[in-house]
Amino acid sequence: MSYLDALADPTYKEVDALLARRSGMREMKATKRAEILRNIYGQVACDPDGDGTPFRIGQHPRCPVCSSSVMRAWQEAVPTQFVELDIPAVTHALWTSLSDDQKVSRINQFLPELQSAT
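Here the residue numbers are simple positions, counted from 1 along each chain's written sequence. A pLDDT threshold of at least 70 governs which residues receive local features in this predicted model, and a stricter bar of 80 or more applies before side-chain atom pairs are shown or counted, although totals over entire chains, interfaces and linings include all residues. Based on all heavy atoms of the structure, the side-chain values leave hydrogens and waters out of the count.

K.L.:
Can you walk me through the overall build of the chain in this structure?
P.N.:
Here a helix means four or more residues in a row that DSSP labels H or I, a strand means two or more in a row labelled E, and each is numbered from the N terminus. Scanning the chain from terminus to terminus reveals four helices and zero strands. For the chain, the succession of helices and strands along the chain, N to C, is α-α-α-α. The principal-axis extents of the C-alpha atoms in the chain amount to approximately 50 × 30 × 25 Å. The proportion of buried residues among the 118 residues of the chain is 25%. Contacts: residue pairs with any heavy atoms within 4.5 Å of one another. A fraction of 61% describes how many contacts in the chain between residues 6 or more apart in sequence connect residues 24 or more apart. Each residue's exposure class comes from its accessible area (1.4 Å probe, protein chains only) as a fraction of the maximum for that residue type: buried when under 20%, exposed when over 50%, partly exposed otherwise.

Encoded structure:
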């Protein structure tokens with residue numbers, strides 16, 4: 001689990017701007033482009049976690065026992081249980097080391113697969 005403040009993280013805006021300049025994206029509805037941004041951002045601009053798993057926006061957390069992110073049921077704990085966790089912020093070491101052309105290439109690497117699935 002990692003924390004991303006997408007409204008304040010400059011890489012999120014940067015990936016969005018690079019997507020907006022891409023042919024075919026300009027004509028796309030803003031909501032569709034935002035969906036694409038959410039789907040590729042973690043793989044494109046965020047460093048993977050400690051075991052090499054790519055960061056994904058909206059992915060369910062992993063079970064602390066079996067590491068699965070597919071739960072049989074999501075139920076609230078009654079009574080409410082508070083748990084304090086140190087959740088690290090996502091990092092962008094690879095992304096920030098790339099040139100502008102390399103960043104565009106990295107984005108393009110994930111788009112063909114994504115667009116064929118939508």
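K.L.:
Please clarify how the nonpolar core should be interpreted in this entry.
P.N.:
Inside soluble globular proteins, nonpolar side chains tend to come together where they are buried. Counting residues in hydrophobic clusters, the biggest one holds 19 residues, and the most contacted among them are Val-15, Leu-19, Tyr-41, Trp-95, Ile-107 and Leu-111. Within the residue set of this core, elements represented by two or more residues are α1 (10–21), α2 (30–45) and α4 (100–117). With six residues, α2 is the single largest residue contributor to this core. By nonpolar core we mean a set of buried residues, namely Ala, Val, Leu, Ile, Met, Phe, Trp, Tyr and Cys, connected to one another through side-chain atoms within 4.5 Å.

K.L.:
Explain the side chain of His-92 to me, please; I cannot follow it from the model alone.
P.N.:
Examined against the element boundaries, His-92 turns out to sit in the loop between α2 and α3 (93–97). Under this definition, polar contacts are N or O atom pairs within 3.5 Å; protein pairs additionally need one hydrogen-donor-capable and one acceptor-capable atom, and for neighbouring residues in sequence, both atoms have to be side-chain atoms. In terms of polar contacts, His-92 uses its side chain to reach the side chain of Asp-9, at 2.8 Å. Within the local environment of His-92, its side chain forms a polar contact with the backbone oxygen of Ala-45, the two atoms lying 2.7 Å apart. When near neighbours in sequence (up to four residues on either side) are disregarded, His-92 contacts Asp-9, Thr-11, Tyr-41, Ala-45, Cys-46 and Asp-47.

K.L.:
Please explain α1 as it appears in this structure.
P.N.:
Structural remark: α-helix, 3.6 residues per turn; residues separated by three or four positions point the same way. The terminal C-alpha atoms of α1 lie 17 Å apart, and with 12 residues this matches the ideal 16 Å at 1.5 Å per residue to within 8%. Residues of α1 that are buried include every one of Thr-11, Tyr-12, Val-15, Leu-18 and Leu-19, and no others. Projection of α1 onto a plane perpendicular to its axis shows the buried side chains occupying an angular sector of 130°, all on one side. Residues of α1 that are exposed and angled more than 90 degrees away from the buried face: Pro-10, Lys-13 and Arg-21. For a helix, the expected span equals 1.5 Å multiplied by the residue count minus one. The arc under discussion is defined with respect to the helix axis, by the directions toward the C-beta atoms.

K.L.:
What am I meant to see in the confidence of the model for the chain here?
P.N.:
Detail in the predicted coordinates should be disregarded across regions flagged by low pLDDT. On average, residues of the chain score 86 in pLDDT, and 94% of them reach the 70 mark or higher. For every residue, the pLDDT score states the predictor's confidence, bounded by 0 at the bottom and 100 at the top. Taken element by element, the predicted model of the chain shows its lowest mean pLDDT in α4 (79) and its highest in α3 (97).

K.L.:
I'm lost on a nonpolar patch on the surface in this one. Help?
P.N.:
Two distance rules govern patches: like charges are joined within 9 Å, and nonpolar side chains (Val, Leu, Ile, Met, Phe, Trp, Tyr) within 5 Å, applied only to residues with over 30% relative accessible area and no salt bridge. Areas reported as accessible are Shrake-Rupley estimates using a 1.4 Å probe. Residue values count occlusion only from the protein chains shown. Any Lys or Arg side-chain nitrogen located within 4 Å of an Asp or Glu carboxyl oxygen qualifies as a salt bridge. Among the surface-exposed residues, Met-1, Tyr-3, Val-83, Leu-85 and Ile-87 lie close enough to one another that they form a single nonpolar patch of about 560 Å² accessible area. We classify Leu-85 as exposed; its relative accessible area is 55%.

K.L.:
So what exactly am I meant to see when it comes to the pattern of salt bridges here?
P.N.:
Side chains that differ in charge, positive against negative, can pair when their charged atoms come close. For the structure on display, the rule yields three salt bridges. Between Lys-103 and Glu-14 there is a salt bridge; the shortest N-O distance is 2.8 Å. Taken as a pair, Lys-103 in helix α4 and Glu-14 in helix α1 lie far apart in primary sequence, 89 residues in all. Lys-103 sits in the buried class, given a relative accessible area of 8%. For Glu-35, the salt bridge identified is with Lys-32, shortest N-O distance 3.9 Å. One end of the pair, Glu-35, and the other, Lys-32, are both in helix α2, three residues apart, so they sit about a helical turn from each other. What makes Glu-35 partly exposed here is its relative accessible area of 33%.

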